[in-house]
Amino acid sequence: MLRFFASRLLQSLLALIIIITATFFMLRFVPGGPFTTEKAVTPEILRNLEAHYGLDQPLWKQYLDYLGSLARGDFGPSFKYPNRTVNEILADKLPVSLELGVLSLLVALLIGLPLGILAAVRRNTWVDYVASSFGMVGISIPTFVVGPLLVLALAIHLGWFNASGWYSPIDRMLPCLVLGIAYAAPISRLTRGGMLEVLSQDFIRTARAKGASELRVVMRHSLKGGLLPVVSFLGPAIAGILTGSFVIETIFQIPGIGREFVNSAFNRDYTLVLGTVILYAVLIMALNLAADVVQAWMNPKVRLEA
Amino acid sequence: MIRRFLTLSGAALLLLAGCKPRDAATPSATATPAAGAKVLYLGNGTEPQDLDPQVVTGVPENKIVNALFEGLVAYGPSGQGTIPAAAASWSISEDGLVYTFNLQPNGRWSNGDPVTAADFVGSYRRILNPKLASEYANKLYPVVGAREFHEGKLQDFSRTGFKALDARTLQITLKRRTSFLIESMKHYAWFPVHLPTVEKFGGLERKGSAWTRAGNLVGNGPYTLTEWSMQQRIIVDKAPTYWDRDALRTDRIIFYPTENIETEERMFRTGQLHKTNELPLDKTDVYRREQPESLRIDPLLGIYFFRINLTRPPLNDKRIRRALALAINREVIVGKVTRQNQQPAYNACPPMESFTSPARLAGDLAEARRLLAEAGYPEGKGLRPIELLYNTSQNHKKIAEALQQMWRQNLGVDIALVNQEWKVYLDSQDTLAYDLSRAGWIADYVDPNTFFDLWRTGDGNNDTGFANAEYDRLLEEALGTADETARRALYARMDAILMDELPIIPLYFYTRTYAANPRLQSPPNLVETPNYKFIYLRD
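In this text the structure is predicted, and so the values were computed from the model without any measurement.

**Details of the overall build of chain A**
Scanning chain A from N- to C-terminus turns up 13 helices and zero strands. The C-alpha extent of chain A, read off along each of the three principal axes, is 85 × 60 × 30 Å. With 306 residues in all, chain A has 40% of them scored as buried. Across chain A, contacts joining residues at least 24 apart in sequence account for 72% of those joining residues at least 6 apart.

What follows is the structure, given as structure tokens:
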């Protein structure tokens, strides 16, 4: 177990260094820089700007300097927002994205799990068909369609919500619902699949033969095994919810990190791009690791090995 | 586990049931202002980079900076003209070189300090300090020694043309006559900053220190900064120290960063905004039909055009450029494609109160075809496909496709459309890696000079390879011409040169389309510089 962690940690660290290096140099080779604007600045001003941000140094030195400040936990100043450091921006926005992600995940599980279980237990009845249709529809319709539709109905016509924003608890409901539905769909389908497989196994028949109630069969005997596919999906899905919330954050003007992740690249905000990339890389690695551990705990067939 | 889920979902349902329909006119997204306070909710485009007038560069920043700071002069009630602001009055010497400003006797910073001439001089010293690397420092170049100081050739700031004669008298001496100086001073590069505050939060040479945060920022404008939540909102409140506070009819303004214009329009419909920053093109017709009272289309001093790379064959041939320019039906472009009351452009400078250029691109399709044949490509035969570059956007794409079709139909010329991401596109334009490139130019100040200066040989914004000695000479001459009629005539001649040489193909003059509460009083400003004294909700 300890060896497993040590080796995974080492792998992750190596991957992280490769990611940082690749991102750093790719950014610099893309045409246009942070000071490329429609109204060109004079050459003297451009020189001043480059000196101000240390961009006049040779690239290898900038790279080493960046790694140096990174080691001290300093992501540097933002180019686009000169009065914020990248550390500040990340610290400001990560909690928002986390809140959005966790609440959405809760919605996704609350909708997806019961639907999937019901569909599996009442297989090939109307319950199954309704649940499966929901799954198909939820997977097929992207959030940028569901979002505006719900805003149109619930915010503009019924006036229950604001059309966008992240100010009061009520503002959380629409975006979390939209993002939650998007993930509820695959969860319900995976749950159904996993449950069906378990329900057809011998030990379930044994449990039923021993007179266990249907509720007990589902809750006690099949759930743990049936949810395995969902768990392996959840690792990348949580990462996806956190990183992929760009669309939702844009539609609902949520001050989260997904928007910065995308916009910083458009702005050639070198330090902010690197900051968000590093953050996401660490998050994804950690979540995948967590998914592996949970899976090993739930499934006796899986062992953690280096 | 399951039970906890159930409890939570129950709580969520209760929350949902608990929210009642609310009055659409009162956005719920506000910190509670005082009872009866007049609050404005404005969509402001993107999140501002910063609020330091000597650091920022964009329109969203401009709109907030104008609430927090005040320059010497400002736009009048109609959105044009000049009225006193931080300067109560001013005089200009006979030779047009020495400007003397008498500051407002009651002018105060938001911390109570008086606004002095030394504040202005110190601020100008800061923006011209090369170490600050301000992008708009060159706005001050008309002043004696400003450029030299900024380029590090002059160390002693007291030898520049900025002088504080006494606490309330500021004198600015120019290198040479600059007719549009007062007009250009409405730009925030000329605004003062409170130096002790800047000093306190990291020094005068540091960009982006914390001095512009709420609670720290000290300004001399009509409003003070109450809250700045990044990507959420910026709240400003009427400044009790402002010299003309009785003229303000709005107590609080809340600026929302509205990057997504579809979302912004929905915010307007739920009553979260009194005014949007933009309006999606598809929605313009809907508003025309269903709520014309909320639709506003203001003139904007800007031109949509195409740059031509004069260094590449075959477009280095003037006849082909002219053929292309003549074979466009601009009425169709503005009537069917852009559809927001834009004016078709047949010259390089949009009309303004003080100047309407007589130059005009004239000619018909027959001439266009004749010119193309003369150049050796009858009906486009033998001409290589010409690339038309634009930055990735639905609207630019529609226009490019319309042009592609017009040129193919009218001239038989093949056009290849190339779209690039914004900064890549800017880079291509800058390095002359294009044939034809879509472009726009919005005035910095209301004077024709802003539309002609960029075609100077070697100017950083020229990006066409256009170099014309006669043109450069006229540009210099116009700057030193005191007589307004003579000066306007010179710009007309420059315009005629541009329409003859055609380094650009003008398409249309911009408008600004947005949705606004019918009660909102907001005079159109040609360069989107607001004067908040004249922006309020009618009762």
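**Structural notes on the environment of valine 115 of chain B**
Residues and elements named next belong to chain B. Mapped onto the elements, valine 115 comes out in the loop between strand 5 (98–103) and helix 3 (117–128). Linking valine 115 and proline 192, residues 77 residues apart in sequence, is a C-alpha distance of 8.9 Å. Leave out the neighbours within four places in its chain, and valine 115 touches Ala86, Leu103, Gly107, Arg108, Trp109, Pro192 and Asn220.

**Remarks on the pairing of strand 13 (residues 386–391) of chain B**
All names here are of chain B. When you tally the buried positions in strand 13, you get five out of six residues, the bulk of the element. Here strand 13 runs beside strand 14 (residues 415–420); their pairing, made up of six bridges, is parallel. Residue leucine 388 lies in a different strand from strand 14, and its bridge partner there is leucine 417. Chirality of the crossover, the property in question, places the unit of strand 13, helix 12 (residues 394–411) and strand 14 among those that are right-handed. As judged from the two bridges shared by strand 13 and strand 15 (residues 436–442), these two strands associate in the parallel manner. For leucine 389, the partnering residue across the bridge sits in strand 15 and is serine 437.

**Comments concerning the sheet that holds strand 8 (residues 223–229) of chain B**
Residue and element names in this part refer to chain B. Reading across from one edge, 1-10-9-8 is the order of the four strands in this open sheet, with mixed pairing throughout. Bordering the open sheet on either side are strand 1 (39–43) and strand 8, each of which pairs with just one other strand. With direction set aside, neighbouring strand axes in the sheet form an average angle of 20 degrees. Sheet topology places strand 9 (residues 233–238) next to strand 10 (residues 252–256); four bridges connect them, and they run antiparallel. Of the residues in strand 10, the one forming a bridge with isoleucine 235 is isoleucine 254.

**Description of the interface of chain B and chain A**
Opposite the 47 residues of chain B that make contact, chain A presents 44 residues. Elements supplying a minimum of two residues to the side of chain B that touches chain A: helix 1 (2–18), helix 7 (261–269) and helix 13 (422–430) of chain B. Across the side of chain B that touches chain A, the residue classes break down as 17 nonpolar, 18 polar and 12 charged.

**Quick notes on the packing of helix 1 (residues 2–29) of chain A against helix 13 (residues 270–298) of chain A**
All names here are of chain A. At a closest axis distance of 10 Å, the pairing of helix 1 and helix 13 adopts a crossing angle of 155 degrees. The orientation of helix 1 relative to helix 13 falls into the category roughly antiparallel. In terms of crossing hand, the pair formed by helix 1 and helix 13 is right-handed. Together, Arg8, Ser12, Leu16, Ile19, Ile20, Thr23, Phe24 and Leu27 of helix 1 and Tyr270, Val273, Leu274, Val277, Ile278, Ala281, Val282, Met285 and Leu289 of helix 13 make up the contact between the two elements. Residue composition of the contact of helix 1 with helix 13, by class: 14 nonpolar, two polar and one charged.

**Considerations on the domain arrangement of chain B**
Residue and element names in this part refer to chain B. Domain annotation of chain B identifies domain 1 (10–260 + 516–537) and domain 2 (298–513). Put simply, the middle of domain 1 and the middle of domain 2, counted by C-alpha atoms, are 34 Å apart. On the domain 2 side, the residues contacting the 15 residues of domain 1 number 18 residues. Residue composition of the side of domain 1 that touches domain 2, by class: four nonpolar, six polar and five charged.

**Things to note about helix 13 of chain B**
All names here are of chain B. Listing the buried residues of helix 13 in full gives Lys423, Tyr425, Leu426, Ser428 and Gln429. Elements that come into contact with the buried residues of helix 13 comprise strand 11 (295–308), strand 13, strand 14 and strand 15. Of the residues one or two after helix 13, leucine 432 is the one with positive phi, at around 55 degrees.

**Focus: the nonpolar core**
Ranked by size, the top nonpolar core spans 142 residues in total, and within it Tyr183 of chain A together with Leu68 of chain B carry the most contacts. With sequence-adjacent residues up to four places away left out, leucine 68 of chain B is seen in contact with Leu51, Leu217, Gly219, Gly221, Tyr223, Thr224, Leu225 and Val236 of chain B.

**Remarks on the sheet that holds strand 16 (residues 504–515) of chain B**
Residues and elements named next belong to chain B. If you walk across this open sheet you meet the six strands as 12-16-11-15-13-14, and the pairing is mixed. Of all the strands in the sheet, just strand 12 (343–344) and strand 14 have a single pairing partner and so form its edges. Bridge count between strand 11 and strand 16: 10 bridges; the pairing is antiparallel. In the strand pairing of strand 16, phenylalanine 306 is matched with isoleucine 505. The strands that helix 10 (residues 330–338) touches are strand 12 and strand 16; relative to strand 16, the one it contacts most, it runs at about 30 degrees. Sheet strands touched by helix 13: strand 11, strand 13, strand 14 and strand 15. Its angle to strand 13, the strand with the most contacts, is close to 135 degrees.

Calculation rules
- Residues numbered from 1 in each chain as written.
- Chains lettered and ligands numbered in written order.
- Predicted model: local features only at pLDDT ≥ 70, side-chain atom pairs only at ≥ 80, totals over all residues.
- Helix = DSSP H or I, 4+ residues; strand = E, 2+ residues; numbered from the N terminus.
- Buried ≥ 20, exposed ≤ 12 C-beta atoms within 10 Å, placed from the backbone.
- Contact = placed C-beta atoms within 7 Å.
- Pairing = 2+ DSSP bridges.
- Right-handed = clockwise from strand over helix to strand, strands pointing away.
- Axes fitted to C-alpha atoms, helices over the stretch in contact; angles between N-to-C directions.
- Nonpolar A, V, L, I, M, F, W, Y, C, P; charged D, E, K, R; others polar.
- Parallel < 35°, antiparallel > 145°, perpendicular 65-115°, else oblique.
- Left-handed = near helix turned anticlockwise from the far one by under 90°.
- Domains from an automatic or database assignment.
- Core = buried A, V, L, I, M, F, W, Y, C linked by C-beta atoms within 7 Å.

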